[in-house]
Amino acid sequence: MAQDCCSFHLISGDGVLNREGLENFSRTTNLSQRGVSYAVVAIMGPQSGGKSTLLNKLFQTDFRMMDADDGRTQTTQGIWIAKAIGIKPFTICIDVEGSDSRERGQDGATFEKQSALFALAIADIVMINMWCHDIGREHAANRPLLKAVFEAMLRLFGARKTTLLFVLRDQTKTPFERLEHSLRGDIEKIWAEIPKPDAYKGTPLGDFFKVEITALPSYEIEEDKFKVKVDRLRQRFLHSISPGGLAGDRKDVQPASGFALRAEQIWKTIKENKDLDLPAMEVMVATFRCVQIATETLSRLNSDKAWLALRKGVQARLAPKFRKRIRSILENTLSQYDKEAIHFKESIRDDKRKELEKEALQVLYPAYVAMLRHLRSRALKFFMTRMIKKVKRATEDGFEASIESTVQHAMGKFEKESGDVSISKEWDASATRENLLSEIEKTKYETKTKFYEVYNTMKARAVRGLALGIGGITGAGVATAAIIGDWDPVAAMKAGEETATLVRKIIKRRMLNLDNFNYNTSTDSNASPDCENASDTADDPEE
C-alpha cells in the first residue's frame, strides 16, 4: 500500500485500551492539527459478516480479514483503528469485534453492549453491517445488535446526533425499495419497544439518529459488482461532514486534539459500568487540553527568539520600540493558544486564556523592570542636568520655585515614560518611582544646602569687608538654609558655580552603577528612546 493507514489494536479482546498505540496514532497522523475537520466511522455487525473486508475496500485500510478456507471464525478481536487513505476530511476508521461470536459465547453480550456504546459515543457514522436475508425476521442476528445500539443510545440522549448507515450484504433479487421499507419498519419497532425516560417517551428516532440504508452484492459471488458498488459508496464519505453529507447533521463536535483522551476516558467509564455523561466528559477533556495547550504555548514563549533578543538587549540599554515589540510577543503567544484551542468550549477556553496571559506577563515582566531601571536613570540625569542650569541662573524670586518645578518635571517625565512602556495594569512601577523620588529629594537637599552655604558665606564676607572699611561691624561667615539680607547677584553666581561642581560629583557618584550613563550636559533632552540609537536623556519612550 502506497500510504500507511497506521492501523493498530485500540482495545484488546480483554478490554484493555492501548494508550501508547493511541498516542502514537495521534502523533503519526498529525491528528491534533485537524481541528474539527475530521470524521470518525465505526462498523458493527455479526461475526464473519465481512466488516473488515468492507472497511478495507472502502478506506484502503489493512484490517485483518477472514480467510474463507479456514471457516467462519472470529477474525477481529476487540476494537481496531486506522486512518482512511485518500478520503477528505481526515477520517478515522474503527473496526469493532463481531457480535454473536461462538468464541465469546454467553459472555459476548457484555462486550457487545460496551463496544456499541463506545462506537456511538466516539463515532460520527456507525455502519451497521447485516445480512440482507435477515430483514423481516423476528429472531434474526441483527435484532440483538440493534437493541444493543438503541439501549446504548438511551445512555447518550442529547449528547450527539449519530448517522446510522445500514449496509445490507449479499443483496437478493428483492427490490431495494422493499428492503429499505421493511428495514425501517424493523428499526422503528425496535426503537418503540425500548423503555425510555418520561422526558423522551414518544420521541422519534430521527431526533437522535440520521438513518441511511444501502445494499451491496455478494463479495464472493459477484466481486466485480461488489467493487463497483463499494466505489460508489466510497464517494459518499468524501466531504462527509459538509452540509448534506453523511455526517452533515452532527453536533457538538469536539476538536481532534482531544480525541485520544476522549476515547480513553469513554472506554474507562464504560468498563467501570458508570453512567456515560458525555457533556461532563467533554468539559473534562476541554479543560485538560486547554491547560496542556497553554503549558506548551508558555514553553515556546520562553524560547522565542524575539523575546530572547529583547530580554538580552534591554539589560544593556533602553530597548527601541519596547512596548510595540513586547506587545507583539504577547499577542503572538496568545494567538498560538487561540489557534489550537479554538474549537473547545468557549468558557473553558477563555478561562485558560486569561491564566495563560497572566503567566506570560510574568515571564515578560523582568524586561519591563529593566526598562524602568533605564528610565529611572534618565529621569535622575534629567533632574540633575536641569539643577545645574537652575543654580547657575538663580534669582531671588524664582530660585525655590524653579527647583520644585524641576522635581515635578522629572517625576512627571518618569511617570509618563514608565506608563508608555507598560502593556499591563498589573505591571507596577511604584517601587522604582519611590526610589527615584528619594534620590531626587536627597540630591535637591544637598544642592540647596551647598548653594545657600556658599552664597551666605560670600554675602557675609562682602558685608564684613564693607564694615571694616568704615570701622564698623566685625564677624565670621554665616551658613544657613536661607538667603541672608538682600539678594547679591555676585554671590549667587559664585554659589551657582560651586554648587554645579558639586552636582556633577553627585551625578558621578549616584550613577556610577547605573547602566548606559554618559554624562553630557549638551545632550538633546527631547530625543526618543523608542527610536533607534536614542540617547538616555530622551523625553518620550514611545514612537
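Residues numbered from 1 in each chain as written. Predicted model: local features only at pLDDT ≥ 70, side-chain atom pairs only at ≥ 80, totals over all residues. Heavy atoms only, no water.

## Quick notes on the packing of aromatic side chains
The geometry of two aromatic rings is summed up by the distance between their centres and the angle between their planes.
Here comes step 1: All told, the structure shown has 9 aromatic pairs when counted by the stated rule.
Here comes step 2: Summarising the aromatic geometry, the rings of Phe8 and Phe25 are spaced 5.6 Å apart at their centres and angled 40° between planes, so their arrangement reads as tilted. Of this pair, Phe8 sits in strand β1 (residues 8–11) while Phe25 sits in helix α1 (residues 19–28), placing them 17 residues apart in sequence. Across the pair, exposure class does not vary: Phe8 and Phe25 are buried alike.
Here comes step 3: With centroids separated by 6.4 Å and ring planes inclined at 85°, the aromatic side chains of Trp191 and Phe209 adopt a geometry described as edge-to-face. Of this pair, Trp191 sits in helix α5 (residues 176–193) while Phe209 is found in strand β7 (residues 209–215), placing the two residues 18 residues apart along the sequence. For the pair shown, Trp191 and Phe209 are each scored as buried.
Here comes step 4: Across from the ring centre of Phe382, 5.3 Å away, lies the NZ or CZ of Lys413, which sits over that ring. (Phe/Tyr/Trp six-rings, centres within 6.5 Å; stacked < 30°, edge-to-face > 60°. Helix = DSSP H or I, 4+ residues; strand = E, 2+ residues; numbered from the N terminus. Buried < 20%, exposed > 50% of the residue type's maximum accessible area, 1.4 Å probe, protein only. Lys NZ or Arg CZ within 6 Å of the ring centre and 35° of its normal.)

## With respect to helix α7 (residues 259–271)
Here comes step 1: The end-to-end C-alpha separation of α7 is 18 Å, in line with the 18 Å expected for 13 residues at 1.5 Å each.
Here comes step 2: Regarding α7, the residues found buried are Phe259, Ala260, Leu261, Arg262, Ala263, Glu264, Gln265, Ile266, Trp267, Thr269 and Ile270.
Here comes step 3: Where α7 ends, the next residue or the one after it, Asn273, has phi of about 60°, a positive value. (Expected span 1.5 Å × (residues − 1).)

## A closer look at unusual backbone geometry
Here comes step 1: The omega torsion of the bond from Lys88 to Pro89 falls at 10°, within 30 degrees of zero and hence cis.
Here comes step 2: Here Pro89 shows up in the loop between β3 (79–83) and β4 (90–96).
Here comes step 3: Even without a glycine there, the phi angle at His239 is positive, about 55°.
Here comes step 4: Inspection of the secondary structure assignment puts His239 in the loop between α6 (223–236) and α7.
Here comes step 5: On the basis of relative accessible area, His239 is assigned to the exposed category, the value being 53%.
Here comes step 6: Even without being glycine, Lys321 reaches a positive phi, approximately 50°.
Here comes step 7: Residue Lys321 is classed as partly exposed on the basis of its relative accessible area of 29%.

## Digging into the nonpolar core
Here comes step 1: Judged by nonpolar contacts, the single largest core of 57 residues is most densely connected at Ile92, Ile94, Phe118, Phe150, Phe166 and Phe209.
Here comes step 2: When residues in this core are grouped by element, the largest group, 8 residues, is from helix α3 (residues 108–122).
Here comes step 3: Ignoring any residue separated from it by four or fewer positions in sequence, one finds Phe166 in contact with Ile128, Met130, Leu146, Leu183, Ile187, Val211, Glu212, Ile213 and Thr214.
Here comes step 4: Residues Phe322, Ala341, Leu361 and Val407 belong to the second largest nonpolar core, which totals 55 residues. (Core = buried A, V, L, I, M, F, W, Y, C linked by side-chain atoms within 4.5 Å. Contact = heavy atoms within 4.5 Å.)

## Quick look at the layout of surface pockets
Here comes step 1: Roughly 360 Å³ of internal volume is contained in the second largest pocket.
Here comes step 2: Around the second largest pocket, the lining comprises 18 residues; the ones closest to its centre are Glu23, Ser26, Ser257, Ala260 and Gln292.
Here comes step 3: At the level of secondary structure, the elements contributing two or more residues to the lining of the second largest pocket comprise α1, α7 and α8 (278–302).
Here comes step 4: Here the lining of the second largest pocket gets 5 residues from one element, more than from any other, and that element is α1.
Here comes step 5: When its residues are assigned to classes, the lining of the second largest pocket shows 6 nonpolar, 7 polar and 5 charged. (1 Å grid on protein atoms, 1.4 Å probe; cavity = no way out; pocket = protein on both sides within 12 Å on 5 of 7 lines; lining within 4 Å. Points joined across faces, edges and corners; volume = space filled by probe spheres on them. Nonpolar A, V, L, I, M, F, W, Y, C, P; charged D, E, K, R; others polar.)

## Re the confidence of the model for the protein chain
Low pLDDT means the predicted atomic positions in that stretch should not be read closely.
Here comes step 1: For the protein chain, the average pLDDT comes to 80, and 76% of its residues sit at 70 or higher.
Here comes step 2: Across the protein chain, the element-wise mean pLDDT spans from 68 in helix α14 (residues 489–510) up to 95 in strand β2 (residues 38–44).
Here comes step 3: For residues 68–74, every residue scores under 50 in pLDDT, and the model assigns this stretch 17 contacts once sequence neighbours within four places are set aside.
Here comes step 4: Overall, residues 468–484 carries pLDDT values under 50, and its contacts beyond four positions in sequence, including any with other chains, amount to 27 contacts. (pLDDT = per-residue confidence, 0-100.)

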